[in-house]
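# Residue-level structural notes
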Amino acid sequence: MHRLFGKMKKRLLAACLSASLLLGSTAMAALPEIISLQDVKPGMWGTGYTVVDSSGEIRPFDVEVVGILGDNSKMSAKRILVNLYGDLIEETGGAISGMSGSPIYFGGRLAGALSAGYKDMYPTQRIMLTPIEDMLKIWQYPDTLNRTKFPQLDLKKLKAEREKFQAAEAKKEADGKAASDEHEDASVAVPDEHEADPVADTEVAEVQDAAAEAEKDAAADVLADTEEKNTYFASGFGSKGMKLLQEGMGRLGMKLDYDNVWDAGASVMQARPDAVLEPGSPVGVALSVGDFSFGAMGTVTAVDDKKILAFGHPYTHRGNVNYFMTDAQVISTIHGPTNGMKLGNVNGIIGRINQDRQDGVGGILGQMPQTVPVIVTVHDRDTGRSVTYNSMLAYDEEVVSVLAPVVVYSSISNTLDRQDGSTASLKFSLRSNYGEKGLIERRNMFYDAEDVAKVSIGELNDILGVILGNKEKEPDLLDLKVDVTVERGRKTATLISAVPSKKDVLPGEKITFDTTIQPYRGEKIKVSVPYTVPKAQVPGNLALDVHGGGLVNVAKILLAQQAALDAGVNMDEEPPVSVQLQDMLASSCNNEIIIESTVVVPKNDEELKESIKKAKKQAEQLAKQESNNAGRNSNARQEPAPVNKAATEYIIENIIHTNVNVLEKK
């Protein structure tokens, strides 16, 4: 009888509190009265709130306190152990993914957030709550990120230009034109406004105890073998892109369950800086938005003016962060014997998540995060399709390094909609505080018998890794544009011959080689390749290698490394980022024919020493000649290094050998 009366009292209180939440939704929410963890006792009954269907109604469920975990240890993440009851819990099958952050009240006072349950156990039993006292500390952490130095992408303009592009593509298709012929005029461009005045830095509150709090660990005996009740969402990536995303997120410490990620149905999002949230509302945290969206959905725990708390557990646990806060629309739920999840959509960017901590995430409504726009245009010559994908990545170095290549990969894979041998010509332009005038550009050709998209992103992945891994200074990435044309089939070729325009040459003389290549299942083609004899070349036979730009001369690398060691260079010390980028961008492309001196792999130490000695002698002779030339004409410009290569429309797969006779210069 007392239990029944207790439940009636709880439901009456829940109805009153639910009404107050709804009545207060039109005004700016304020933090309610809280109940201290020390006042929460076993046997207490309370009420939680969340949304589980398309009505958007914040509905109540019953909570019974079982006990407190981790209360006696400073190193523990304290949690309230509870059981759940009520019609909503029966409908959902328990505490399901997406309910993380659901606010829990005892006697009308906020106690904390539903956060996690034990794996492989029935979700109605032994669910954990994160105390609100610990969550409130999240608002006190310093916020030093999002010091935006460049204007961000205009979402409305981006959407309008994308719709214009799609309309143009539809018209071309209706007129019977090939979509790839006019892609330059229809492609979406990022507004070229990056020279504007910097946005004022966000003022950061000083917190004396922040450093100590940042060291707080979660005790293994409290949170071991639990699963957090948030739901991952993703859209646009496709099955192959999702697998690549899963691998990348694993490197960031995120255990992404590929089979339990739902499609958010998101495309180019609208910004909604005037959005209002309330405790119990669904909310999203996203690392990317647009045609490729990825994030997680949970529930709002508390709101105080523009500040929000949610989840009751970490998302990436990266501390001070710079992520998208999105709205979320719950459509329905699904559940099984031991778990379930909310299903829904995300539509708009409503703010910025700036804290990702052990006890939850915190954010600011109406404040937009700094972003890296990624625009990928893919042309499929076989189908005539030409598609431009627009996404924005949260400006986090680790996030960009993982997500940018995955976005490019998924763009190519989704457009082709096939898995066969194909050739891709890819160009990317990366605007940042690196490269000449802040621009890094690279163009190359790739072929793969199964997945050309995967091999095509290798160079982009490497360059992003160098920039974002810079130990000397923080990079400023403005945007990334990628343009790739793919055609079915194997556009490779084999070198057959290379004949010099003259056999007897002088040091420093410029000649040409008439090369013949044999395309795969095609007719032979003649290609003329320029070659300049080294100025310090000793008289006699000069053996030359003629090969494709993608083939690595292992012997040359080994000799260079040995010479560096002999010169006392520390091989374990990385060269500056500018040097690494210069080397990467100067490297030959797969479709180029390269001519260079043959380097014979030494058979023993004596031959190795002799090879290095000869190389040093040639270098000294060259340096001496250049010094003499500079002395005769101090105003003379230094000649650029000779370009001993020529581009083709095919990926060159092999190496052949030829030679010339170097005469003594009189």
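Here goes a summary of the coordinates provided. (Residues numbered from 1 in each chain as written. Predicted model: local features only at pLDDT ≥ 70, side-chain atom pairs only at ≥ 80, totals over all residues. Heavy atoms only, no water.)

On a plain count of helices and strands, the protein comes out with 14 helices and 32 strands. Split into buried and exposed, the 666 residues of the protein put 49% on the buried side. Put simply, of all contacts in the protein between residues at least 6 apart along the chain, 74% involve residues at least 24 apart. Split by element, the accessible area of the protein, about 32300 Å² in all, is 50% carbon and sulfur. (Helix = DSSP H or I, 4+ residues; strand = E, 2+ residues; numbered from the N terminus. Buried < 20%, exposed > 50% of the residue type's maximum accessible area, 1.4 Å probe, protein only. Contact = heavy atoms within 4.5 Å. Areas by Shrake-Rupley, 256 points an atom, 1.4 Å probe, with all protein chains shown as cover.)

Take the environment of Thr371 next. Here Thr371 is to be found in strand β19 (residues 371-380). Judged by its relative accessible area of 4%, Thr371 falls in the buried class.

The subject of this paragraph is the sheet that holds strand β29 (residues 592-597). In spatial order, the strands read β25-β32-β28-β29-β30; together these 5 strands make up an open sheet with mixed pairing. Both outer strands of the open sheet, β25 (504-505) and β30 (645-647), are each paired with one neighbouring strand and no more. Looking at chain direction, strand β28 (residues 540-548) and β29 are connected through 5 bridges and run antiparallel. Bridge pairing in β29 links His547 to Ile594. (Pairing = 2+ DSSP bridges.)

According to the stated counting rule, one finds 19 salt bridges in the structure shown. Here Glu459 and Arg442 are joined by a salt bridge, their closest N and O atoms 3.0 Å apart. Taken together, the residues span a long stretch of sequence, with Glu459 in helix α11 (residues 458-468) and Arg442 in strand β22 (residues 439-448) at a distance of 17 residues. For Glu459, a relative accessible area of 21% gives the class partly exposed. The exposure class assigned to Arg442 is buried, which follows from its relative accessible area of 6%. Beyond isolated ion pairs, a larger network of salt bridges with shared partners links Asp380, Asp382, Arg418, Asp420 and Arg488. (Salt bridge = Lys/Arg side-chain N within 4 Å of Asp/Glu carboxyl O.)

With respect to the helices and strands, the residue Leu581 is situated in helix α13 (residues 577-586). Along the primary structure Leu581 and Leu464 are separated by 117 residues, whereas in three dimensions their C-alpha atoms are 9.8 Å apart. Residues in contact with Leu581, not counting those within four places in the same chain, are Tyr434, Ile440, Ile463, Val466 and Ile467.

Looking at the element boundaries, Ile350 is found in strand β17 (residues 348-357). Residue classification places Ile350 among the buried positions, given a relative accessible area of 1%. Setting aside its immediate chain neighbours within four residues, Ile350 contacts Arg272, Ala275, Leu277, Met325, Thr326, Asp327, Leu365, Gly366 and Met368.

Position of Asn83 relative to the elements: it lies in strand β3 (residues 79-85). At 2.9 Å, the side chain of Asn83 and the side chain of Arg126 are in polar contact. (Polar contact = N/O pair within 3.5 Å; in protein donor to acceptor, adjacent residues only side chain to side chain.)

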